[in-house]
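Architecture and fold: a report
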Amino acid sequence: MSDKLLFQSMSASDRYDLLRRIAIKNRREPFVFEKDIWVVQILKILFDAPFGKDLVFKGGTSLSKVYNAIRRFSEDLDVTYDIRAFAPDIVGDSEEAFPPNRSQEKRWTKTIRKRLEEWTREDACGVIEDGLVRAGFHASGFRTENDQVYITYEPMFEYPGFVRPEVKVEFGARSTGEPCVERPVKCDAADMVPKIVFPSTTLSAMVAERTFWEKATSMHVFCHRRRGRGNRLSRHWHDLVRLDDAGYGDKAFADRELALSVARHKSIFFPEKDTEGNRIDFEASVRGGLRLVPDGETYNLLADDYEAMVGADMLFNDPDTFENLMERCADIEARANKV
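Not measured: the values here are computed from a predicted model. (Residues numbered from 1 in each chain as written. Predicted model: local features only at pLDDT ≥ 70, side-chain atom pairs only at ≥ 80, totals over all residues. Heavy atoms only, no water.)

**Things to note about the pairing of strand 3 (residues 77-81)**
Counting buried residues in strand 3 gives four out of five residues, a clear majority hidden from the surface. Here four bridges tie strand 3 to strand 6 (residues 166-172), and the two strands are oriented parallel to one another. Opposite Leu 77, over in strand 6, you have Val 169 as the bridge partner. (Buried < 20%, exposed > 50% of the residue type's maximum accessible area, 1.4 Å probe, protein only. Helix = DSSP H or I, 4+ residues; strand = E, 2+ residues; numbered from the N terminus. Pairing = 2+ DSSP bridges.)

The structure is reproduced here in structure tokens:
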């Protein structure tokens, strides 16, 4: 280890030259490697923290960093604080960590939301800030919004409008995060320059099958609401297709107990209404009523967002056309509903 050099201890010009060379060699934009380093360092800080043992890494970035299942640059972090550890006074002896009735649903949601916002502002943000300083990373700003922390930094490279020199960490505390597995996470540049030490960590990550159902049910909501913006949402359709390519679609279809658990959790903590104002039935969506392809104006909004993502070099290799992506999602929808 003595002959190796920490990336963050290098001079600014050496860091710039190194990432630029890596980017040219891999035919990718250098900002992708720069932001990835910040992402992994922040993950390391969170999962090395005293509360790290109760955290679970989830969402699109976990599919990229843990499972190597998606071919896109994923920039935001989605982390769940096990509700049993975060709010033991509320959960009590509940085996599934679900409220027993509708009145308790509202109480749990209200209490956890307020407590999580306070914890994010008073604890998590400070832990990240102190950890970056100790590790030798110089962030230019920190701010919190509800249950989210935003960490900004001075970029070495030009960033497209679709991507910002900022890492968003969004916390949740309304589920156990299970099932989950322990996995190593490292920077994309780590294997390319073995003499340089980049940030790395080992963490608990949600299994990809559960992420599949969480994304699928969110897409189902978008298709039924037929309103709102498609801004930064098309990534979910890309992710679902890539998960299916990696074999996680069939695994998710086979685990109906997991699908129903996700549906029940969303019904309790994240209820949604369709365009007519009717409550969306999540359980029906995983029992043969899943919808993944939008229509009308929502289809166009999603198409525009997808083109913006492609234009920002967020997708690696040769990206699918939007039409092909929708065809694949229609196939996934049919297979899910057939099962």
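**Description of helix 13 (residues 322-338)**
Helix length check: helix 13 (17 residues) gives 24 Å between terminal C-alpha atoms against 24 Å at 1.5 Å per residue, within 8%. Against helix 7 (208-225), helix 8 (234-245), helix 9 (248-254), helix 10 (256-269) and helix 12 (296-311) lie the buried residues of helix 13. (Expected span 1.5 Å × (residues − 1). Contact = heavy atoms within 4.5 Å.)

**Remarks on the packing of aromatic side chains**
Under the defined criterion, the tally for this structure stands at 19 aromatic pairs. A centroid spacing of 5.0 Å and a plane angle of 85° characterise the contact between Trp 119 and Phe 171, whose relative ring orientation is edge-to-face. Of this pair, Trp 119 sits in helix 6 (residues 102-135) while Phe 171 is found in strand 6, placing the two residues 52 residues apart along the sequence. Like Trp 119, the residue Phe 171 is buried in the burial classification. By way of ring pairs, the aromatic residues Phe 31, Trp 38, Phe 137, Tyr 153 and Tyr 159 are connected into one cluster. (Phe/Tyr/Trp six-rings, centres within 6.5 Å; stacked < 30°, edge-to-face > 60°.)

**Details of the environment of Met 156**
Considering the arrangement of structural elements, one finds Met 156 in the loop between strand 5 (148-153) and strand 6. By relative accessible area, Met 156 is classed as partly exposed at 23%. Here the alpha-carbon distance between Met 156 and Glu 34, two residues 122 residues apart in the chain, equals 7.9 Å. Among residues more than four places away in sequence, those in contact with Met 156 are Phe 7, Ala 12, Arg 15, Tyr 16, Leu 19 and Glu 34.

**Considering the packing of helix 8 against helix 13**
Think of two packed helices as two axes; the pair is described by the angle between the axes and how far apart they sit. The interhelical angle for the contact between helix 8 and helix 13, taken along N-to-C directions, is 60°, at an axis separation of 10 Å. What the angle tells us is that helix 8 and helix 13 run oblique. In this structure, the crossing between helix 8 and helix 13 has a hand that is left-handed. From helix 8, Trp 237, His 238, Leu 240, Val 241, Arg 242, Asp 244 and Asp 245 reach across to helix 13, where they touch Leu 325, Met 326, Arg 328, Cys 329, Ile 332 and Arg 335. When grouped by side-chain class, the residues that make up the contact of helix 8 with helix 13 number seven nonpolar, one polar and five charged. (Axes fitted to C-alpha atoms, helices over the stretch in contact; angles between N-to-C directions. Parallel < 35°, antiparallel > 145°, perpendicular 65-115°, else oblique. Left-handed = near helix turned anticlockwise from the far one by under 90°. Nonpolar A, V, L, I, M, F, W, Y, C, P; charged D, E, K, R; others polar.)

**Quick notes on the nonpolar core**
The nonpolar side chains of a soluble globular protein tend to be buried with one another. Leu 46, Val 169, Phe 198 and Trp 213 are the most contacted members of the largest nonpolar core, which has 108 residues in total. A per-element tally of this core places helix 2 (residues 30-48) first, with twelve residues. Contact partners of Val 169, with chain neighbours within four places excluded, come to Ile 42, Leu 46, Leu 77, Val 79, Ile 128, Asp 147, Gln 148, Val 149 and Ile 151. (Core = buried A, V, L, I, M, F, W, Y, C linked by side-chain atoms within 4.5 Å.)

**A closer look at the pattern of salt bridges**
Throughout the structure, instances matching the rule amount to 26 salt bridges. Measuring nitrogen to oxygen at the nearest pair gives 3.0 Å for the salt bridge that ties Lys 44 to Asp 48. Here Lys 44 pairs with Asp 48, and both are found in helix 2, just four residues apart, close to one helical turn. Look at Lys 44 and you get partly exposed, because its relative accessible area is 29%. The salt bridge partner of Glu 214 is Arg 210, with a shortest N-O separation of 3.1 Å. Of this pair, Glu 214 and Arg 210 both sit in helix 7, four residues apart, roughly one helical turn. For Arg 210, a relative accessible area of 4% gives the class buried. By sharing partners, the salt bridges in this structure join Arg 242, Asp 244, Asp 245, Asp 250, Asp 320, Arg 328, Asp 331 and Arg 335 into a single network. (Salt bridge = Lys/Arg side-chain N within 4 Å of Asp/Glu carboxyl O.)

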